[in-house]
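Structure at a glance
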Amino acid sequence: MAAQQRIIAVLGPTNTGKTTYAIERMLAHRTGVIGLPLRLLAREVYDRIVTLRGPSVVALVTGEERIVPPRTQYWVCTVEAMPQGMGADFLAVDEIQLCADPERGHVFTERLLSARGLHETLFMGADTMRDPIKSLIPDAQFVARERMSELAYSGPKKISRMRPRSAIVGFSVENVYAIAELLRRQKGGAAVVMGALSPRTRNAQVEMYQNGDVDFLVATDAIGMGLNLDIDHVAFSSLSKFDGQRMRPLMVNELAQIAGRAGRGMKPGTFGVTGEAPPLHDELARAITEHRFQPVGKLQWRNPKLQMGRLDALIASLEQPSHDDRLVKSREADDLRVLKTLAGETEVMARASDAKSVQLLWDVCRVPDFRGISNSEHANLLEGIFNDLHELGRIPDDWLARQIKRIDRIEGDIDTLSKRLAFIRTWTYVAQRSGWTNDENHWRSQTRAVEDRLSDALHERLTQRFVDRRTSVLLRRLKQKEALLAEVNDKGEVTVEGEFVGRLEGFRFSQDKSASGAEEKTLRAASVAALTPHFHLRADRFYNAPDTEIDFTEQGGLMWGEYAVGKLVAGPEALKPQVQAFVDDEAGADVIEKVTRRLQHFIDRKIALHMEPLLNLQKDDTLSGMARGFGFRLIEALGLVARSDVAEDVKALDQDARGALRKHGIRFGQFTIFMPLLLKPAPTRLRLVLWSLAAGHQEFPESPPPGLVTVPSDEHAPAGYHLMSGYRAAGARAIRIDMLERLADMLRTEDSRGGFEGKADMLSITGMTLEQFADLMQGLGYKAEKGEREKVKAAPATKPDDAVKAVDAPDETAEAPAEDAPKEDTPPVMEVFYTFTWGRARQQKHAESRPRKQGGAPKGKGKPRGKPQGGNKAQNFSARPPKSEKKIDPDNPFAAALAGLAKK
């Protein structure tokens, strides 16, 4: 290869100066392009080059930002946003090992295979890419870079003992927030860095850490991609992460990429674990410190040569497999998934009828799902954008203005602001697309202004929540023995001036039992004095905590995270339980009252949310007479009552009363009177607790697992448990009452006297085998007689054309070879079947004058079938119906209902 078109792979571990080297090489050329893996890193490199060359010649292009001066010489981009075919003298791609990433790898692989500078091309990354690059680019030159400082493993360490200038890494937003909250209480605060943050918020948070306002940083694995921070120690709070499909352990090269952020320049660094993360194995720790990793095997690939003539051709080209063993076809990305969804829409298909329209649809499908919503919701949004662009040529200004205005609000908590930032990123991305809006500059400035306002507000909320200025000052005084301060670690251990004094569990303090005499009194006095402000701060935080942080247990306990802070006690009514807070007397009456009030608010809101149908029924003043009385009885029964227990009351309800009750969602089933909305898992779990409280049970039965049609019946459960769980016990299993009613509808059409067989639909709705279904039917009062017969093979389906051919074809039956005939000694295939008949004793004739009991034999509409004769074969029988009018069967709970329907 000519020296002017050289390709160089600069490979090595972290802290080798690869990115700095690439910047220097790019500035040595007249023009250049550099692709970086993260928007945050692109912004950092852009700022560095602007400092060196000024803003007039440097462009920043990401999915959500586009700063392109007229005299641009140097382009700083995310890898996906790198301009194609512009012919720059220099081109570089950072973190090239991401070619193996399941989600984004195909983009990096495409850059590796085809992106080139006119004079020089640089690929920077881990040494694990040496073999793939050598195989795919034989003329590439390799430059090895050694780490400039030593990296050592220091083992596990508690967060409470973490040294300053440390970064603690979590792999979920919840984990990051929990660690930052703990650091606020114990160390005065922490800065938070996550990939989802905007560059403005991230820079503001890093500035707090860099200038010493806080000594700790809590971050996701986003810090592993080249972000240069002043970190002495990196601690992993977990060794596994969710990769978009499943939880998986981190690979050694991923751990090394993050751990390598410790120690910058010539300054050594350390890494370790904390929290619930187990210690690293010696071999794993040595592999990280010695930079020994498994080489990358195959690279992710997706066909870059797309066919835009037709929509189906585009999808086919995107799904084309690789013919190179070194390249593996990447899994279905979000853009292809959305394209397939939209390809099924009639209007989209009609519009995408030419190459230009197909290209437009593909451009729209590549809008990332920043919001993290479902594929269908994201597809609906993109469908609207595509239709507008195809029909109008632009996205309407008034519609876009409404979308942005809904997001342009800075009130709310951290999660709310984070969601708004994710939403505005969608419109920032759309505004960056050339030709999609009427005034591109206007909408770009609008979306950037909204993002900046939300970023500033988010930084303010993060600082308020995770940085306690007063605690930070007190900690510094503690070092100088000028203040008394209590500390509570993640296990609830309380220390005063570094000495262990006991444990704090929620709002109750348990003193260290090893102290006695005067020492005990001293410790108690010091602990109470030091914990008093902590109790108040914790009570304030608890009072302002969202309901999502509080929960009730199935035994009636009230939890705040892992701490028990109270319990439910019986109130004047089942729907009005009371709370008893677990708070030490030393915390003070204000704290006790605040915790009690917050818990009462929580359970009242839970009841209002999950028991809303019952409360609406209770408040309905339009109900009167029998309807009102029946409604109150249903309320007392928490929305579920066996029909056999209220048979007389149901019979007394006229059609108007029933109609009024049905408006509240009450269903009059054959077995149960119930409200279907109350059968959902959350209301069921709450109902069992309320019922157990009202019944005075010492041990509360637990609710069945959600989503199951049948569950094992519990013969030791207290009376009424199955009904309160939303089930009816029948044999060895209990069936959910709404599905039981569906089964009853099917059984009503069967002949329960002559006998009938269970149908596939019956087995399907119960999710049972035939044997289990037979046991269930016996539990419902039927007899189940087991039989066996020869299985009849279904005749093969015949196409119309085949039938015509069969008519015209010559008869070859007589000349069929003997060996093709079925063998006489082949045993027939047998199948087991059950015949069900009503099994309860029939009542005497005069029982017709008495009220009918629920649960009698259903009277079928079908013809009765005789009992199979001959053992193996089922036979059909028919009986001529009597000419006289049929009387109501006293054993049939469905007969009265059918007679009533017939009279209407």
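The rules behind the values
- Residues numbered from 1 in each chain as written.
- Predicted model: local features only at pLDDT ≥ 70, side-chain atom pairs only at ≥ 80, totals over all residues.
- Heavy atoms only, no water.
- Helix = DSSP H or I, 4+ residues; strand = E, 2+ residues; numbered from the N terminus.
- Buried < 20%, exposed > 50% of the residue type's maximum accessible area, 1.4 Å probe, protein only.
- Phe/Tyr/Trp six-rings, centres within 6.5 Å; stacked < 30°, edge-to-face > 60°.
- Pairing = 2+ DSSP bridges.
- Axes fitted to C-alpha atoms, helices over the stretch in contact; angles between N-to-C directions.
- Contact = heavy atoms within 4.5 Å.
- Salt bridge = Lys/Arg side-chain N within 4 Å of Asp/Glu carboxyl O.
- Core = buried A, V, L, I, M, F, W, Y, C linked by side-chain atoms within 4.5 Å.

What about unusual backbone geometry?
Of note, the phi angle at N15 is positive, near 60 degrees, even though the residue is not glycine. Turning to its location among the elements, N15 is positioned in the loop between strand 1 (6-11) and helix 1 (18-27). Its relative accessible area of 4% is what places N15 among the buried residues. With phi around 65 degrees, R165 is a residue other than glycine that occupies positive phi space. Its place among the elements puts R165 in the loop between strand 9 (151-156) and strand 10 (166-169).

A closer look at the packing of aromatic side chains
The tally for this structure, following the rule as stated, stands at 13 aromatic pairs. Between the aromatic rings of F507 and F542, the centroid separation amounts to 5.7 Å while the plane-to-plane angle is 65 degrees, which identifies the pairing as edge-to-face. Residue F507 is located in the loop between strand 21 (499-505) and strand 22 (508-511), and its partner F542 is located in helix 18 (residues 517-544); the two are separated by 35 residues in the primary sequence. Residue classification places F507 among the buried positions, given a relative accessible area of 0%. Judged by its relative accessible area of 0%, F542 is buried. When the centroid spacing of 6.0 Å and the interplanar angle of 10 degrees are considered together, the rings of F507 and W560 count as stacked. You can see F507 sitting in the loop between strand 21 and strand 22 and its partner W560 sitting in strand 24 (residues 557-560), a full 53 residues away along the chain. Looking at W560, the relative accessible area reads 9%, which means it is buried. Members of the aromatic cluster, joined through ring pairs, are F756, F773, Y782, Y834, F836 and W838.

Focus: the sheet that holds strand 10
Within a sheet, neighbouring strands are paired by backbone hydrogen bonds and run either parallel or antiparallel to one another. Pairing in this open sheet of 6 strands is parallel, and the strands run 9-16-13-10-12-11 from one edge to the other. Edge positions in the sheet fall to strand 9 and strand 11 (191-193), since each has one partner strand and no second. Each adjacent strand pair in this sheet contributes to an overall mean axis angle of 25 degrees, direction not counted. Here helix 5 (residues 173-187) sits on the sheet in contact with strand 10, strand 11 and strand 12 (216-219), set at roughly 165 degrees to strand 12. Those strands touched by helix 6 (residues 199-210) are strand 10, strand 11 and strand 12, and its axis lies near 140 degrees from that of strand 11.

Brief notes about the pattern of salt bridges
Pairs can form between side chains of opposite charge once their charged atoms are near each other. Scanning the model with the defined rule gives 52 salt bridges in all. One salt bridge connects E391 with R351, and the closest N-O pair in it is separated by 3.1 Å. Within this pair, whereas E391 is found in helix 13 (residues 375-392), its partner R351 is found in helix 11 (residues 346-351), the two being separated by 40 residues in sequence. In this structure, E757 and R789 form a salt bridge, with 2.6 Å as the shortest nitrogen-oxygen distance. Here R789 lies in strand 33 (residues 782-790) and E757 lies in the loop between helix 26 (737-747) and helix 27 (760-766), a separation of 32 residues in the sequence.

Some remarks on the pairing of strand 3 (residues 58-61)
Both faces of strand 3 are covered, namely the face carrying V58 and L60 and the face carrying A59 and V61. With 4 bridges connecting them, strand 3 and strand 5 (residues 74-78) associate as parallel partners. Of the residues in strand 5, the one forming a bridge with V58 is Y74. When strand 3 meets strand 4 (residues 66-67), the two strands line up antiparallel, connected through 2 bridges. The residue bridging V61 from the neighbouring strand is R66, located in strand 4. Here strand 3 folds back onto strand 4, and the loop between the two strands holds 4 residues.

Details of the nonpolar core
Counting residues in hydrophobic clusters, the biggest one holds 65 residues, and the most contacted among them are F507, L575, L599 and L661. When sequence neighbours within four positions are dropped, the list of residues in contact with F507 reads F535, R538, A539, F542, W560, V565, F582, V583, D584, V591 and V595. Listed in part, the 62 residues of the second largest apolar core include V338, I404, I424 and W436.

Here we look at the sheet that holds strand 23 (residues 550-552)
Overall, antiparallel pairing links the 4 strands, which are arranged 23-24-25-26 in an open sheet. Strands at the two margins of the open sheet, each flanked by one partner only, are strand 23 and strand 26 (578-581). Direction aside, the axes of adjacent strands within the sheet are offset by 30 degrees on average. Strand direction decides the pairing type here: strand 23 and strand 24, joined by 3 bridges, are antiparallel. For I550, the partnering residue across the bridge sits in strand 24 and is W560. Each of strand 23, strand 24, strand 25 (563-569) and strand 26 touches helix 19 (residues 589-610); the most contacted strand, strand 26, lies at about 145 degrees to it. The sheet contacts of helix 24 (residues 681-695) involve strand 23 and strand 25, and relative to strand 23 the element is tilted by about 55 degrees.

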